[in-house]
Amino acid sequence: MLHVDHVTKVYKPPPPLLRPFVRTAVKEPVPALKDVSFQVERGNIVGLVGPNGAGKTTIIRVITTLLTATSGTVTLDDLHVDRDGYEFRRRIGLVLSEDRGLYWRLTGRQNLDFFGVMAGLSRAAAKRRTTELMEEVGLAGRDKLVFGYSAGMRTRLSLARALLIDPPLLVLDEPTRSLDPVATREVGDMLRGLAARGHAVLLSSHRLDEVADVCTKVVALVGGAVRFEGTAAELAADQAGPTEALVRLLTQEPKTA
Amino acid sequence: MIAQTTPPPTASIFGRIGAITRRDMTIEKSYHFRLFLQFFNAIFTVATFFFLSKLVGSSEYLQEYRGGYFTFALVGVLVTQSSYLGLRTFSATVTREQDAGTLEVLLSTPTRLPTLMAGTFVIPAAFTAIELALWFSIAAIFFDVRFPITGLLIGLPLLILTLLVFCSIGIFSAAFIVLTKRGEPFTLVASQATTFLAGAMFPVALLPGYLQVIAHMVPAYYSLTGLRSVLLGGAGFVSIIDEMLVLAAFAAVFLPLSLVALRRAIRSARVTGTLANY
């Protein structure tokens, strides 16, 4: 399914000639990903964990064609992220971590109808799917302009948007950040259901308990490099429990050869 | 049940353009007071030109144009409004999507860039057409100024070519905005060149000789010359073929170049990671 192989990303400042016009966050080259490799197979939920600045969002942007890697390859089945961007995008559902990304002067339904067609559905199919998904994410009967939505409702709507085309791969960047515990559990259940139906899910999260609970596999990133890749069962085998095992993985100094 | 591995059938390009149009229409309707104000703006602007034409009188520079300064200026307005439509629509769209945080989401969907561009053009184009119709209706109802229908029909292809040229420059602007986020030089230069050098509001013959030469390099010069000859001079289709060919040449060069520029700008933003910045 999804193969991330030796991906490196170095954020570079623009060339001197363009610097007066193009503003970037870096003045010197900054390595954000260092030789990152992992796989996400069908029916699996892979959790991406790591402290702030570990490179979680960067790798998610590379996978979803929003950022170009400096080196390495990302493939989805036989598709290459750089070469087959259009086909790649037809197979991925994305939930970004930002609270933005929706049209606030449209209702939730209108947002889903619009993005459904942009994702490739006919107008009628988009409307049908919107009705199903509004129900599924608990927004049915609560349709109003998005600027009147709470942060949690916007997250649910983003999740619904990612599911519009029932994509084989679902990529979620901190989807439960603004959700209450009940809604977080509902999202977890929904992801398990999707995985059971054969979807592949890549879930980035700060919440180690959530990752340990929901994910079948965990990839821990620290400083742009993979610190740990293993099954949830391996983490659960730790005497201190899976969450504590993850904390230790993320905070300990890397082993030297 | 196993998740599908083959994506569902793709919506047609027109389906996508329709979805963008419905989105823009719904958003525009939510700012209804702005539409109301545009109506008043049209009345006062047309009236201003009417009374300005009384001041200008029948200048020797306007003798070749039927109807004096008022109709001369109205044709100028037709071209400047069309040029602003082409120049501003795409860069304004990029800025709006960046501000809303929806640019990345749109670019992560399987909708191609030219479709997105075409879709975002529909509502602004419809609004400009309505606005221009309003201006001309006000001129007809309140100031008894009418343009020949045949002239309008003959001038339509010229206006479409004008739009194509200015849309190309507008796409260059959008490419610049993708990289710089704010501030691009194309709109300012092209709109000033249209208003000042091409003779939107006064005949080019008033300009010094060297500026008249430069005026020939401005696309709007050919739009204004052609439209005035069919709308105010009573000329036929054959007489504006030269102007149409020049505008077609501008469009043939600018349009593919501008699309390449926008594609490269987005690719560059994907490398620098600045696609979401605003």
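Residues numbered from 1 in each chain as written. Chains lettered and ligands numbered in written order. Predicted model: local features only at pLDDT ≥ 70, side-chain atom pairs only at ≥ 80, totals over all residues. Heavy atoms only, no water.

Draft legend 1. Just the pairing of strand β10 (residues 225–231) of chain A, in detail. All names here are of chain A. Where strand β9 (residues 217–222) lies against β10, six bridges are found, and the strand directions are antiparallel. Residue Val222 lies in a different strand from β10, and its bridge partner there is Ala225. Between the antiparallel neighbours β9 and β10 lie two residues, among them Gly223 with a positive phi of about 60°. (Pairing = 2+ DSSP bridges. Helix = DSSP H or I, 4+ residues; strand = E, 2+ residues; numbered from the N terminus.)

Draft legend 2. Representation of the pattern of salt bridges. All names here are of chain A. Under the criterion given, the structure shown has 15 salt bridges over all chains. When the shortest N-O distance is used, the salt bridge between Glu87 and Arg91 registers 2.7 Å. For Arg91, a relative accessible area of 17% corresponds to the buried category. Put simply, Asp166 and Arg197 hold a salt bridge, and the shortest N to O gap is 3.3 Å. (Salt bridge = Lys/Arg side-chain N within 4 Å of Asp/Glu carboxyl O. Buried < 20%, exposed > 50% of the residue type's maximum accessible area, 1.4 Å probe, protein only.)

Draft legend 3. Highlighting the pairing of strand β3 (residues 45–49) of chain A. All names here are of chain A. Most of β3 is tucked away, with five of its five residues classed as buried. Both faces of β3 are covered, namely the face carrying Ile45, Gly47 and Val49 and the face carrying Val46 and Leu48. In terms of strand pairing, β3 meets strand β8 (residues 200–204) through four bridges, oriented parallel. In the strand pairing of β8, Gly47 is matched with Leu203. Two elements, β3 and β9, share four bridges in a ladder whose sense is parallel. The residue of β9 that forms the bridge with Val49 is Ala220.

Draft legend 4. Just the sheet that holds β10(A), in detail. Residues and elements named next belong to chain A. Strands sit in the order β6-β7-β8-β3-β9-β10 across an open sheet of six strands; the sheet is mixed. Because the sheet does not close on itself, it has two edges, and the strands there are β6 (92–95) and β10. Taken over all neighbouring pairs, the strand axes of this sheet differ in orientation by 15° on average, direction set aside. (Axes fitted to C-alpha atoms, helices over the stretch in contact; angles between N-to-C directions.)

Draft legend 5. Structural context of the confidence of the model for chain B. Residue and element names in this part refer to chain B. Confidence along chain B averages 85 in pLDDT terms, with 95% of residues attaining 70 or more. In the model, residues 1–7 has pLDDT below 50 throughout and makes 15 contacts with residues more than four positions away in sequence or in other chains. Overall fold confidence for the complex sits at a pTM of 0.83, while the interface term, ipTM, reaches 0.82. (pLDDT = per-residue confidence, 0-100. Contact = heavy atoms within 4.5 Å.)

Draft legend 6. Focus on the sheet that holds strand β2 (residues 30–40) of chain A. Residues and elements named next belong to chain A. Spatially, the four strands line up as an open sheet ordered β2-β1-β4-β5, and their pairing is antiparallel. A strand with exactly one partner marks an edge of an open sheet, and here the two such strands are β2 and β5 (79–80). Where strand β4 (residues 71–76) meets β5, two bridges bridge the pair, whose relative direction is antiparallel. Across the sheet, Leu76 pairs through a bridge with Leu79, a residue of β5.

Draft legend 7. Representation of a nonpolar patch on the surface within the structure. Together, B:Phe33, B:Phe36, B:Leu37, B:Phe39, B:Phe40 and B:Phe44 make up a nonpolar patch on the protein surface, roughly 640 Å² of accessible area in all. You can call B:Leu37 partly exposed: its relative accessible area is 46%. (Patch = residues over 30% accessible without salt bridge, like charges linked within 9 Å, V, L, I, M, F, W, Y side chains within 5 Å. Areas by Shrake-Rupley, 256 points an atom, 1.4 Å probe, with all protein chains shown as cover.)

Draft legend 8. A look at the interface of chain B and chain A. Listed as interface residues are 47 residues of chain B and, on the opposing side, 43 residues of chain A. Roughly 4,100 Å² is buried in total at the junction of chain B and chain A, and carbon and sulfur atoms are behind 60% of that figure. At the junction of chain B with chain A, the criterion picks out one salt bridge. Among the ionic pairs, A:Arg61 bridges to B:Glu104, the shortest N-O distance being 2.2 Å. The tally of links between chain B and chain A comes to 13 residue pairs in polar contact (both at pLDDT 80 or more). (Buried area = accessible area lost by both parts, 1.4 Å probe. Polar contact = N/O pair within 3.5 Å; in protein donor to acceptor, adjacent residues only side chain to side chain.)

Draft legend 9. Just unusual backbone geometry, in detail. All names here are of chain A. With a phi close to 50°, Asp35 is a non-glycine residue in the positive phi region. The phi dihedral of Thr65 is positive, around 70°, even though this residue is not glycine. Relative to the helices and strands, Thr65 is located in the loop between α1 (56–63) and β4. Taking the relative accessible area as the measure of exposure, Thr65 reaches 6% and is therefore buried.

Draft legend 10. Representation of the layout of surface pockets in the model. Each pocket or cavity is described by its volume, and for the largest pocket that value is around 880 Å³. Looking at the largest pocket, it is lined by 29 residues, and the ones nearest its centre are B:Glu28, B:Arg34, B:Ala92, B:Arg96 and B:Pro124. Listed by contribution, the elements that provide at least two residues to the lining of the largest pocket are α1 (13–29), α2 (32–56), α3 (68–100) and α5 (113–143) of chain B. Here the lining of the largest pocket is composed, by residue class, of 12 nonpolar, seven polar and 10 charged. Size it by volume and the second largest pocket reaches roughly 580 Å³. Lining of the second largest pocket is provided by 22 residues; of these, A:Gly85, A:Arg89, B:Arg263, B:Ile266 and B:Arg270 occupy positions nearest its centre. (1 Å grid on protein atoms, 1.4 Å probe; cavity = no way out; pocket = protein on both sides within 12 Å on 5 of 7 lines; lining within 4 Å. Points joined across faces, edges and corners; volume = space filled by probe spheres on them. Nonpolar A, V, L, I, M, F, W, Y, C, P; charged D, E, K, R; others polar.)

Draft legend 11. Up close: the domain arrangement of chain A. Residues and elements named next belong to chain A. With domains assigned, chain A is organised as domain 1 (2–91 + 168–251) and domain 2 (99–166). Between the C-alpha centres of domain 1 and domain 2 there is a distance of 24 Å. Tallying the contact residues gives 15 residues for domain 1 and 12 residues for domain 2. Counting the surface lost from both domain 1 and domain 2, the interface buries some 1,100 Å², and carbon and sulfur atoms represent 65% of this. Applying the counting criterion to the domain 1 and domain 2 interface returns two residue pairs in polar contact (both at pLDDT 80 or more). Looking at the side of domain 1 that touches domain 2, the elements with two or more residues in it are β7 (169–173) and α6 (181–196). When residues in the side of domain 1 that touches domain 2 are grouped by element, the largest group, five residues, is from α6. Of the residues assigned to the side of domain 1 that touches domain 2, the class counts are nine nonpolar, two polar and four charged. (Domains from an automatic or database assignment.)

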